[in-house]
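# Residue-level structure breakdown
Residue strings, one per chain:
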Amino acid sequence: MTPTKPESLALHAGYRADPTTNAVAVPIYQTTSYQFEDSAHAARLFELSEMGNIYTRVMNPTNDIFEQRMAAVEGGAAALAVSSGQAATTLSILNIAETGDNIVSSTDLYGGTWNLFANTLKTMGIEVRFVDPADPENFRRASDARTRAFYAETLPNPKLQVFPIREVADIAEDIGLPLIMDNTASPVICRPFDHGAHIIVHSATKYIGGHGNSIGGVIIDGGTFDWEQHAERFPMLNQPDPSYHGAVWTVATKELGPVAYIVKARCTLLRDLGTALSPFNTFNFIQGLETLSLRMREHCRNAQAVADYLSGDSRVAKVIYPGMTPDDRSERTEKYLTEGRGGLVGFEIKDATEETGARFIDSLQMIYHVANIGDTRTLAIHPASTTHQQLKPEERLATGVTPGYLRLSVGIEHIDDILADLDQALNAAVAGKAKAA
Ligand code: PLP
């Protein structure tokens, strides 16, 4: 019997026991390199006629199992583990876009992704055209013959408005483009491949690791995009690659299944840019992945309780949680967040200034003040003065960050303790406001 459900695949995909020791826990293969059987074996590995380990910058047995598990959990064909979520996003684009090309991206993005798109990719000659995802047709309108992908986050914070995956995937299919989804904030509770997305990226740093101890990322190919059918648009996958003795990636990988995109990313970008994931970090991600479904359930349950509590509180002006926000498109929440609404909650204290927000943060006692999400512990931050500080004020507002906005990443502590800490910090923030007046 082969497991089929994400809960089981997260525990079993890609590994049963260590072939030499029978160890059940996935070992950390802490090695840089691998002994070739002989010269012919080495040559076969380098020319890709046989797959195998050469050097840990591009391949490692611990990483390989994590990659297989992530592909299985998301329902994809192949995956590539990298050193951070940022590296996953960067490589996902550089794998198919070069100078003169463009991508069309949702405006609702993590601040780091916004910076990468608006500044760093621009210096490489790749234009990112930002569009409002409220109308999926904006993606079509912004695309042209040099567009190489659509990009979006499933559950972008701070707005927490679920992205119209199927609607934009259909437009992408129509034009002949892949839809790349950052599913960092919604693993397990949404599977973008089920709704037509073609590539998924994750910051494994967040819910997948879960324990706040390792930075890493992963790119997963759903295996459904036909790169050969759109050969003109994707020369990097369909024309001889001078950096790999003229390999045509769609041809060289034909026997292996729909893995051209991932194999190319591994063999060229990971090789050249060196954004390799340490197997030690991968081990931590594998531990996290084993309980991901359980934790997501608890994150969602606690976050819903926090959102309900804040919505009924006279000190709070506004609560942002999928399905609860007045300007939320509830039909998208229902359609895509089928297994829970996530662990992120945003809110604004009544008549809040930046000072009120800071006072709330400084008064928290159990909840951590950190620039992170997806930890088992509850985390809080004031994005305007931290994660989104480097954005221009108008860019900040475009991503949904108002001066008084506070973001919670609700953890898996007992809900009574979470609410008690929020209550006392709200009292302190509001009392300070009264004193200042
Ligand atoms: N994508 C999202 C949605 C994120 O929240 C983050 C980090 O906060 C990233 C990508 C980048 O991930 P990393 O910090 O692992 O580079």
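Quick caveat, the model's predicted, so the values are computed rather than measured. (Residues numbered from 1 in each chain as written. Predicted model: local features only at pLDDT ≥ 70, side-chain atom pairs only at ≥ 80, totals over all residues. Heavy atoms only, no water.)

## Description of the sheet that holds strand β7 (residues 217–221)
Here is the rule we go by: Any two strands with at least two DSSP-identified bridges between them are counted as paired. Only DSSP runs of H or I reaching four residues or more are called helices, and only runs of E reaching two or more are called strands; each is numbered from the N terminus. In this analysis, axes come from line fits to C-alpha atoms, helices being fitted only over the stretch in contact, and the angle between any two N-to-C directions falls in the range 0 to 180 degrees. Any two residues whose heavy atoms approach within 4.5 Å at even a single point are treated as in contact.
Strand order in the open sheet formed by 7 strands is β1-β7-β6-β5-β4-β2-β3, with mixed pairing between adjacent strands. Every other strand in the sheet has two partners, leaving β1 (78–82) and β3 (127–131) as the edge strands with one partner each. The average undirected angle you get between the axes of adjacent strands in this sheet is 20°. Across 5 bridges, the pairing between β1 and β7 is antiparallel. Within the sheet, the bridge partner assigned to Ala79 lies in β7 and is Ile220. Sitting on the sheet, helix α10 (residues 260–273) is in contact with β1, β6 (199–203) and β7, with an inclination near 25° to β1.

## Some points on the UniProt feature "modified residue: N6-(pyridoxal phosphate)lysine" (unreviewed entry) in the protein
Worth spelling out the cut-off: UniProt positions are given in the numbering used here, feature names are shortened, and annotations may be inferred rather than shown by experiment. Under the scheme applied here, a residue whose accessible area is under 20% of the maximum for its type counts as buried, over 50% as exposed, and between as partly exposed, the area being computed with a 1.4 Å probe on protein chains only.
In the numbering adopted here, UniProt assigns the feature "modified residue: N6-(pyridoxal phosphate)lysine" (unreviewed entry) to Lys206. Within the element layout of this structure, Lys206 appears in the loop between β6 and β7. Overall, Lys206 belongs to the buried group, its relative accessible area being 17%.

## Some words on helix α5 (residues 111–123)
The line we're drawing: To estimate the expected span of a helix, count its residues, drop one, and scale the result by 1.5 Å. Fitting axes to the seven residues that end at a residue and to the seven that start at it, the angle between those axes gives the bend at that residue.
Look at α5: 18 Å from first C-alpha to last across 13 residues, which is about the 18 Å you get at 1.5 Å a residue. The largest bend in α5 amounts to roughly 35° and is located at Phe117. Regarding α5, the residues found buried are Gly111, Gly112, Thr113, Trp114, Leu116, Phe117, Ala118 and Leu121. Among the structural elements, α4 (85–94), β2 (102–106), β3, β4 (147–153) and α15 (393–398) are those in contact with the buried residues of α5. Downstream of α5 by a residue or two, Gly125 has a phi angle that is positive, lying close to 85°.

## A look at the environment of Met296
Looking at the secondary structure, you find Met296 in helix α12 (residues 292–311). Relative accessible area serves as the criterion here: at 1%, Met296 is assigned to the buried category. Remark: the alpha-carbon pair of Met296 and Leu419, spanning 123 residues in sequence, is separated by 19 Å. When neighbours within four sequence positions are excluded, Met296 is seen to be in contact with Ala185, Pro187, Ile189 and Tyr207.

## Overview of the sheet that holds strand β11 (residues 379–381)
Strand order in the open sheet formed by 5 strands is β8-β9-β12-β11-β10, with mixed pairing between adjacent strands. Two strands bound the open sheet, and with one partner strand each, they are β8 (316–320) and β10 (368–369). Both β10 and β11 contribute to a ladder of 2 bridges, which runs parallel. Residue pairing for β11: His369 is matched across the bridge by Ala380. The strands that α12 touches are β8, β9 (344–349) and β12 (405–409); relative to β9, the one it contacts most, it runs at about 15°.

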